Amino acid sequence: MKWLVTGGAGFIGSAFIRLALGGGWARRVVNLDKLTYAGNLENLAGVQADPRYRFVHGDICDTRLVERLLEEERPDAIIHFAAESHVDRSILGPEAFIETNVRGTFSLLEAARKAGVARFLHVSTDEVYGSIEEPHEADESWPLRPSSPYSASKAGSDLLALSYWTTFRLPVIVTRASNNYGPYQFPEKLIPLMISNALEEKSLPIYGDGMQVRDWLYVDDHCRAIRAALERGEPGEIYNIGGARALPNRRVVEMILEMLGKPYSLMTQVKDRPGHDRRYAITTEKLARASGWRPEVPFEEGLERTIRWYRDNPGWVARVKSGEYQKYYEQNYANR
């Protein structure tokens, strides 16, 4: 198959492209990416010369560009990763999230409908379900209760995508994944932030009491699940993707410090962020029944792999933490 991947220079998108080309999942992959702060072509250095790969620098909100690209390439499927994805940034500046996540998704859906694309997989998040009290876990029919501008924009784009199946019969599939982690992740999310700060002997900011619970999914497991949903999922359906390992944030940070041989004293409690969801929890049985997919990488193993990668790639970390990142970090944490 020939695939158009949006946001393929980001963390999850680049992992998907590396696996797709390395594993022979597709005969051609076209990567459309705007290269915002979290988009990094270094993540794809190993595939740049692959004749099956094409990079296009562009914005998914540019409908004419998307239409031209679909006409040129005629992909069998669109895998839509492109999104503004960080809750803290959505609190500091919500507008970009509405523009990219809602307007950009609309642009892609319209272009895909006109081109008659055979498969449109929309990558979303478990955050659309909001905070879930124990012992409950959200299945795909759980009510949507997004708490942040980020999760609200993703919930809106989910519903918009699904409407294109109901109204226009565009073969849309929606996946909702739990918290991803792994190599190449931009160090604003919990795990890479804590690893990079610990390696530099800097304080590790813990929101509130640190007992917010998240399910952790290794990025390669997520990519394999996306492939499974794309190839064996049904149009108009939603599939949750989880790692089956829920832990409080504070415990995750403690594990990072233990693996690095660093003291717990590096942890610093800071003021919690507004509207911080207490617990995410999802069931993934629907995708398992449809495709046989299960997560393969245990959390401890995945965390060790991730720590090793950040330790072995200080140049990559230093480059992405310069310039704009420093401004964001100061803005988000200075007064907490």
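These numbers were taken from a predicted model, which means no experiment stands behind them.

**Student:** Would you take a moment to explain the pattern of salt bridges for this structure?
**Tutor:** Note that side chains of opposite charge can pair when their charged atoms are close. Applying the stated criterion to the full structure yields 28 salt bridges. The partner of lysine 321 in a salt bridge is glutamate 200, and the shortest N-O contact between them spans 3.2 Å. Taken together, the positions of lysine 321 in the loop between helix H11 (314-320) and helix H12 (324-333) and glutamate 200 in the loop between helix H6 (190-199) and strand E8 (204-207) put the pair 121 residues apart, joining distant regions of the chain. Note on lysine 321: relative accessible area 6%, which makes it buried. In this structure glutamate 200 comes out as partly exposed when scored by relative accessible area, which is 38%. Bridged by salt links that share partners, the residues Lys2, Arg28, Arg54, Glu72 and Glu73 form one connected network.

**Student:** What exactly am I supposed to notice about the packing of aromatic side chains here?
**Tutor:** Pairs of aromatic rings are described using the distance from one ring centre to the other and the angle between the two planes. With the rule as written, the count across this model stands at 20 aromatic pairs. Between tyrosine 207 and tyrosine 333, the ring centres sit 6.1 Å apart and the planes meet at 20°, which makes this aromatic pair stacked. Here the residue tyrosine 207 occupies a position in strand E8, and tyrosine 333 occupies one in helix H12, the gap between them amounting to 126 residues. For tyrosine 333, a relative accessible area of 12% gives the class buried. Clustering of aromatic rings is evident, with ring pairs tying together Tyr37, Phe186, Tyr207, Tyr325, Tyr328, Tyr329 and Tyr333. Sitting over the ring of phenylalanine 168, arginine 113 keeps its end group 4.6 Å from the ring centre.

About the thresholds
- Residues numbered from 1 in each chain as written.
- Predicted model: local features only at pLDDT ≥ 70, side-chain atom pairs only at ≥ 80, totals over all residues.
- Heavy atoms only, no water.
- Salt bridge = Lys/Arg side-chain N within 4 Å of Asp/Glu carboxyl O.
- Helix = DSSP H or I, 4+ residues; strand = E, 2+ residues; numbered from the N terminus.
- Buried < 20%, exposed > 50% of the residue type's maximum accessible area, 1.4 Å probe, protein only.
- Phe/Tyr/Trp six-rings, centres within 6.5 Å; stacked < 30°, edge-to-face > 60°.
- Lys NZ or Arg CZ within 6 Å of the ring centre and 35° of its normal.

These values are about where atoms sit, not about what they do.
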